[in-house]
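The residues making up each chain are set out below.
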Amino acid sequence: MGLESKLPSGILLTNVEKFVNYSRANSLWPATFGLACCAIEMMHTGAPRHDMARFGMEVFRASPRQADLMIVAGRVSNKMAPVLRRVYDQMSDPKWVLSMGVCATSGGMFNNYALVQGVDHVVPVDMYVPGCPPRPEMLLDGILKLHARIQGETFAEQGAKT
Amino acid sequence: MTLDAVPAPVITALTFVVLGVLLWLFLTRTVLGRGFAVPLKAMFVTPETAEYPEKPRPVAPRFHGRHQLNRYADGLERCIGCELCAWACPADAIYVQGADNTPEARYSPGERYADDYQINYNRCILCGLCIEACPTRALTMTHDYEFSSATRDGLVWTKGELLAEVPPGGVDTPHLDREVRERGLNYYGGLAVTPPLLHGGTYQPAAAAPSARAGEVIPHGELPEPGDEPHDPATVGDPTRQRPGDAPR
């Protein structure tokens, strides 16, 4: 990466880092990747009752290039895995992945030949949300924990990920 | 009578009345006006949005949240390590490692206890079949749903995390067999014998002994009133018990 990863942390870019992380955490646009029933709860989270717009996340981008967070909502079949990876690769850095529900996290109760046993076989996952499907509050809880993590991330850490 | 004879305030009032009637007709009778009326009405509606992290709404009384391993009033664990929960689990999310109670270290009233108890929330679908399978109501579900984690390891909950707090007046496990016998509590609702004797001694019928359920920690956080029947979650299906708002059966 650039200069920020060569210098010891906290010397050059402390406040810039804080500011950038603040903006990143508070306008985290999700990519639509609804695969199953979890997607219904994900839509519900975006709907007025739970209103993800309160956290600057109201726009579910259909185009991965404008998205920062991929919410993998639902079970990932072996046939879907390359598509998922392609969408992830098309997202521009910095990007995060949230595995929503137990099927995305580990295959859940579907321990069979058709499903990927955990989406982290395909893409790196930053937050696992349990539940089947997680209620909107559970998803919001995961998202808020992810926001807190993003605000604490340094550029060097962010660079090492990519 | 000419218009000049009418006082000015009356004319003003009449004008407002006529304008008001026209506006009302516009907003209720015309297609365009009815459309405008929708956002106008919405200005006076309380927002539906749940202010989640600040003011979480209460979940349903029997919400399936994360699990809890309960204790008796004296602190003994309810789990007897029978693994019925693990057998019932459709997702193979529960791991139980049973072990024998000894006179020096007693964890549960029966012969066996759960030496290790893990629930893998990477797989658990919170269906509650384990709760139905549990013969001692050791495993119940709480209203806690905020347990997402940044790692898969963080979602594997072990016995220490799942075990309920020691109720007031109770002691953390392990207990000495002698102490448990001196308390002489009735652990299985008169269905089994107490005090538990593994090594020598005679069995005593339990029906007369005081119940160990009184004052136990109830997952929903409501403590029983003095004089209440001992709370047993296994009786929630009783048709004579009704909550307000329930349809009569």
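Residues numbered from 1 in each chain as written. Chains lettered and ligands numbered in written order. Predicted model: local features only at pLDDT ≥ 70, side-chain atom pairs only at ≥ 80, totals over all residues. Heavy atoms only, no water.

Caption draft 1: A look at the interface of chain A and chain B. In this assembly, 32 residues from chain A lie in contact with 27 residues from chain B. When chain A packs against chain B, the two sides together hide about 2400 Å² of surface, and 56% of this comes from carbon and sulfur. A per-residue breakdown of the area chain A buries against chain B is headed by Arg49(A), Met109(A) and Tyr128(A), which together make up 23% of the total. At the junction of chain A with chain B, the criterion picks out 3 salt bridges. Remark: the boundary between chain A and chain B carries 14 residue pairs in polar contact (both at pLDDT 80 or more). For the side of chain A that touches chain B, the secondary-structure elements that each account for two or more residues are α5 (101–106), β4 (127–129) and α6 (136–152) of chain A. For the side of chain A that touches chain B, the leading source of residues is α6(A), giving 8 residues. Its residues assigned to classes, the side of chain A that touches chain B comprises 12 nonpolar, 10 polar and 10 charged. (Contact = heavy atoms within 4.5 Å. Buried area = accessible area lost by both parts, 1.4 Å probe. Salt bridge = Lys/Arg side-chain N within 4 Å of Asp/Glu carboxyl O. Polar contact = N/O pair within 3.5 Å; in protein donor to acceptor, adjacent residues only side chain to side chain. Helix = DSSP H or I, 4+ residues; strand = E, 2+ residues; numbered from the N terminus. Nonpolar A, V, L, I, M, F, W, Y, C, P; charged D, E, K, R; others polar.)

Caption draft 2: Layout of the sheet that holds strand β2 (residues 69–73) of chain A. Residue and element names in this part refer to chain A. Overall, parallel pairing links the 4 strands, which are arranged β1-β2-β3-β4 in an open sheet. Of all the strands in the sheet, the pair left with one neighbour each is β1 (30–31) and β4. Relative to strand β3 (residues 96–100), β2 runs parallel, the two being bridged by 5 bridges. Each bridged residue has a counterpart across the sheet, and for Met70 the counterpart in β3 is Val97. (Pairing = 2+ DSSP bridges.)

Caption draft 3: Representation of helix α3 (residues 37–46) of chain A in the model. All names here are of chain A. Looking at α3, one finds that the buried residues are Cys38, Ala39, Glu41, Met42 and Thr45. Seen along its axis, α3 keeps its buried residues to an arc of 160°; they face one direction. In α3, the exposed positions that point more than 90 degrees away from the buried face belong to Ile40 and Met43. Its buried side turned inward, α3 meets β2, β3, α5 and α6. (Buried < 20%, exposed > 50% of the residue type's maximum accessible area, 1.4 Å probe, protein only. Arc of directions from axis to C-beta.)

Caption draft 4: Spatial organisation of the domain arrangement of chain B. For chain B, the assigned domains read domain 1 (3–42) and domain 2 (67–162). Computed from C-alpha atoms alone, the centre-to-centre distance between domain 1 of chain B and domain 2 of chain B is 68 Å. (Domains from an automatic or database assignment.)

Caption draft 5: Highlighting the state of the cysteines. Residues and elements named next belong to chain B. On inspection of all chains with the given rule, the structure shows 0 disulfides over all chains. Looking at Cys82, it has no disulfide partner, and the nearest cysteine sulfur is the one in Cys85, 6.1 Å off. Free cysteine: Cys124, not disulfide-bonded; nearest cysteine sulfur from Cys130 at 6.3 Å. Note on Cys124: relative accessible area 8%, which makes it buried. (Disulfide = S-S within 2.5 Å.)

Caption draft 6: Main features of the environment of Asp115(B). Residues and elements named next belong to chain B. Along the chain, Asp115 turns up in strand β3 (residues 112–120). You can call Asp115 partly exposed: its relative accessible area is 44%. The spacing of Asp115 and Pro103 is 12 residues in sequence and 16 Å in space, taken between C-alpha atoms. Contacts of Asp115, omitting those with residues within four sequence positions, involve Gln97, Gly98, Ala99 and Lys159.

Caption draft 7: Structural view of unusual backbone geometry. For the bond running from Asp93(A) to Pro94(A), omega is -10°, close enough to zero to count as cis. Within the secondary structure, Pro94(A) is located in the loop between α4 (81–90) and β3. Residues Cys132(A) and Pro133(A) are joined by a peptide bond in cis, for which omega reads -15°. One non-glycine residue, Asp51(A), lies in the positive phi region at around 50°. Note on placement: Asp51(A) falls in the loop between α3 and β2. In this structure, Leu126(B) takes a positive phi of about 55° despite not being glycine. Checked against the element boundaries, Leu126(B) lands in the loop between β3 and α4 (129–133).

Caption draft 8: Fine view of the pairing of β3(A). Residues and elements named next belong to chain A. With respect to burial, β3 is a largely interior element, 5 of its 5 residues being buried. The alternating pattern of β3 places Trp96, Leu98 and Met100 and Val97 and Ser99 on opposite faces, both of which are buried. As for the winding sense of the linkage, the β-α-β connection from β2 through α4 to β3 is right-handed. In terms of strand pairing, β3 meets β4 through 3 bridges, oriented parallel. Looking at β4, one finds that Met100 is bridged to Val129. Chirality of the crossover, the property in question, places the unit of β3, α5 and β4 among those that are right-handed. (Right-handed = clockwise from strand over helix to strand, strands pointing away.)

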